[in-house]
Amino acid sequence: MLKLQNYINGQLVPPAAGRYLDNIEPATGQVYSLLPDSNTQDVAAAVAAAEAALPAWRALPAEERGRLLVRISELIERELEPLAQAESKDNGKPVSLARTVDIPRAASNFAFFGTAAQHFASETHFQEGVALNYTVRHPLGVVGCISPWNLPLYLFTWKIAPALAVGCCVVAKPSEITPHTAFLLSELCIEAGLPAGVLNIVHGAGPGTGQAIIEHPAIKAISFTGGTKTGEHIARTAAPMFKKLSLELGGKNPNLIFADCDLTEAVNISIRSSFANQGQICLCGSRIFIERSIYEPFKAAFLERVAGLTVGDPLEAGSRQGALVSEAHLLKVLSYIELAHEEGGTLLAGGKRVHLEGRCANGFFLEPTVFEGLTPECRVNKEEIFGPVVTLTPFDTEEEAITWANGTDYGLAATIWTRDLNRAHRVAHALHSGIVWINTWLHRDLRTPFGGMKNSGVGREGGLEALRFFTEPQSITLKLG
Ligand code: NAD
């Protein structure tokens, strides 16, 4: 059986204690590889390698660091198909999604930040005849990057690339549930000629390996994406050590459908924003609020499209819905379906585990599920489910829609469907969401600030925000004679 290895000081190495964790394929329920169960010794070795590599790496001109990152991007593009297959097998997502979204985006992350660092400038504040003030942005040093399982290589590289671009060295941990493409990335970094120690990838579980990263005194910042509870724990641990924190956490996103929208387009895209990656994207809109006058037509068209979503083997081209990432996660989502019944919801579609034939007989599949008749205040409409479960709710006024949209502890993303431009901007400004899409969903420009308000996180990723996060501004003043 394949044994994944850590990538420390430029080499693939086994975990110090020789312990491994099972890696399960969600579509079959079978263990198919082992990953290192790394401990504090492994993390200490990774940090020591990163510290040793730091002086030379930060001293390299941005162009040269960028050239290496662009080389890694090209290698990811070359390996598109094997990486997509690996991501699909590891995560349960349809291979078509990994091929068109996850892996191309991982390549873009390296290309974007590899070149972005060359355009990164700092400010000068000139006081006529008195002083010249300028800001220098130094790389923070050794930083920790910790990512979740839903978009494994996509989110892992989204953190690593900007850190490396500005001259930081990195100790990174992918989710223990989806470690495979991070391991393949370490092989590509070796092939690209990335200097030893600049990037170190340490595999293992959150409470062991992740905890050792966030507690290590030489790690100056933590860039984390994952659940809100974990984010809270990380903040509690790292804040007293004065580590810089970027926390991208959970969401419970509203999707507002106004009567004057392009209904066909709203239905088509809402199918994606509800069920892409089996609803396991932090940006999925799981609470759909529909203006009452078009509630029935929207519902009819939406349910017709839901019926056409084929649940199947993620490795088969025709599958629109793959497996949920793990049995534990499937059981969690099923428990929310039960809760939706208890809270008085009416099931309109799905609601049951799917048992496929053949190789996927023991996989973690679930029907795409739709409820109506739940109050906006019930738990199902307030807590993050992170699966293929959405609720439909009619609204009567714009104010009501905004109040309900803002009525959770989260504030990550929102979608608005309307042809009225005044309303679109008015509602967007009133929403407590870090990201608002108008008549689209998951449209990403890597230069824009990415992140959430309220319990969805602290700080922003993307573009200059990420480059600023991984640097420490120093203000220098020269008195003019
Ligand atoms: P998780 O919080 O369980 O795990 C995320 C990562 O943190 C994993 O690598 C895990 O090993 C690690 N971890 C766990 N405990 C740790 C500890 N004590 N110290 C250090 N690291 C630790 O999240 P998950 O289940 O992998 O991912 C799903 C969650 O991620 C959802 O809540 C989803 O909304 C969120 N998410 C947010 C965004 C965003 O951009 N805001 C993007 C994707 C996913």
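Definitions and cut-offs
Residues numbered from 1 in each chain as written. Predicted model: local features only at pLDDT ≥ 70, side-chain atom pairs only at ≥ 80, totals over all residues. Heavy atoms only, no water. Near = heavy atom within 4 Å. Polar contact = N/O pair within 3.5 Å; in protein donor to acceptor, adjacent residues only side chain to side chain. Areas by Shrake-Rupley, 256 points an atom, 1.4 Å probe, with all protein chains shown as cover. 1 Å grid on protein atoms, 1.4 Å probe; cavity = no way out; pocket = protein on both sides within 12 Å on 5 of 7 lines; lining within 4 Å. Sits in = over half its atoms within 2 Å of the grid points. Helix = DSSP H or I, 4+ residues; strand = E, 2+ residues; numbered from the N terminus. Nonpolar A, V, L, I, M, F, W, Y, C, P; charged D, E, K, R; others polar. Domains from an automatic or database assignment. Axes fitted to C-alpha atoms, helices over the stretch in contact; angles between N-to-C directions. Parallel < 35°, antiparallel > 145°, perpendicular 65-115°, else oblique. Left-handed = near helix turned anticlockwise from the far one by under 90°. Contact = heavy atoms within 4.5 Å. Phe/Tyr/Trp six-rings, centres within 6.5 Å; stacked < 30°, edge-to-face > 60°. Buried < 20%, exposed > 50% of the residue type's maximum accessible area, 1.4 Å probe, protein only. Lys NZ or Arg CZ within 6 Å of the ring centre and 35° of its normal. Buried area = accessible area lost by both parts, 1.4 Å probe. Salt bridge = Lys/Arg side-chain N within 4 Å of Asp/Glu carboxyl O. Core = buried A, V, L, I, M, F, W, Y, C linked by side-chain atoms within 4.5 Å.

### A short note on the site of the ligand
Close to the ligand lie 29 residues; Lys-173, Glu-176, Thr-230, Leu-249 and Glu-384 are nearest. Ser-147 places a polar main-chain atom, nitrogen or oxygen, 2.8 Å from an oxygen atom of the ligand. Residue Gly-227 places a main-chain N or O atom 2.9 Å away from an oxygen atom belonging to the ligand. Summarising the interface, the protein chains cover 89% of the accessible area of the ligand, which totals 850 Å² for the free molecule. When each cavity is represented as a set of grid points, the ligand is found to reside in the largest pocket. Contributions of two or more residues to the shell around the ligand are made by α7 (206-215), β11 (221-225) and α8 (228-238). Among the elements that take part in the shell around the ligand, α7 stands out by supplying four residues, more than any other. Among the residues making up the shell around the ligand, the classes are represented as twelve nonpolar, 13 polar and four charged. When we break the shell around the ligand down by domain, the ones giving at least three residues each are domain 1 (2-249 + 456-479) and domain 2 (253-451).

### Here we look at the packing of helix α5 (residues 152-165) against helix α6 (residues 180-192)
It is at 8 Å that the axes of α5 and α6 come closest, and there the two elements cross at 50 degrees. Relative to α6, the element α5 is oriented oblique. The way α5 lies across α6 gives a crossing that is right-handed. Of the residues in α6, those in contact with Pro-152, Leu-153, Phe-156 and Thr-157 of α5 are Thr-181, Ala-182 and Leu-185. A breakdown of the residues in the contact of α5 with α6 according to their chemical character gives five nonpolar, two polar and no charged.

### Description of the packing of aromatic side chains
Scanning the model with the defined rule gives eight aromatic pairs in all. Considering the side-chain rings of Phe-298 and Phe-302, the 5.5 Å spacing of their centres and the 15 degrees angle between planes classify their relative orientation as stacked. Taken together, the residues Phe-298 and Phe-302, both in helix α10 (residues 295-307) and four residues apart, mark about one turn of the helix. This pair shows no difference in class: Phe-298 is buried, exactly as Phe-302 is. The rings of Phe-112, Phe-113 and Trp-158 are connected pair by pair, giving a single aromatic cluster. Taking NZ or CZ as reference, Lys-3 lies 4.6 Å from the ring centre of Tyr-20, over its face. Taking NZ or CZ as reference, Arg-105 lies 4.5 Å from the ring centre of Trp-158, over its face.

### A look at α8
Within α8, burial applies to Thr-228, Gly-231, Ile-234, Thr-237 and Ala-238. Packing partners of the buried residues in α8 comprise α7, β11, β12 (244-248) and β20 (410-411).

### Things to note about the domain arrangement of the protein
Splitting the protein by domain gives domain 1 (2-249 + 456-479) and domain 2 (253-451). Distance between the C-alpha centres of domain 1 and domain 2: 30 Å. Regarding the contact of domain 1 and domain 2, the summed buried area is about 2,700 Å², with carbon and sulfur atoms giving 60% of it. Three residues stand out in domain 1 for area buried against domain 2, namely Ala-27, Trp-149 and Ser-456, and they jointly supply 20% of the buried area on that side. A salt bridge links Arg-359 to Glu-25; the shortest N-O distance between them is 3.0 Å.

### So, the nonpolar core
The biggest cluster of nonpolar side chains holds 116 residues, and the ones touching the most others in it are Ile-76, Leu-199, Leu-283 and Phe-302. Broken down by element, the residue count for this core peaks at ten residues, all from α5. For this core, the two domains that each supply at least three residues are domain 1 (2-249 + 456-479) and domain 2 (253-451). Setting aside residues up to four positions removed in sequence, Leu-283 forms contacts with Asn-253, Leu-412, Ala-413, Ile-435, Trp-437, Trp-441, Leu-442 and Phe-450. One finds Leu-339, Phe-364, Leu-366 and Leu-374 within the second-largest nonpolar core, a separate group that totals 15 residues.

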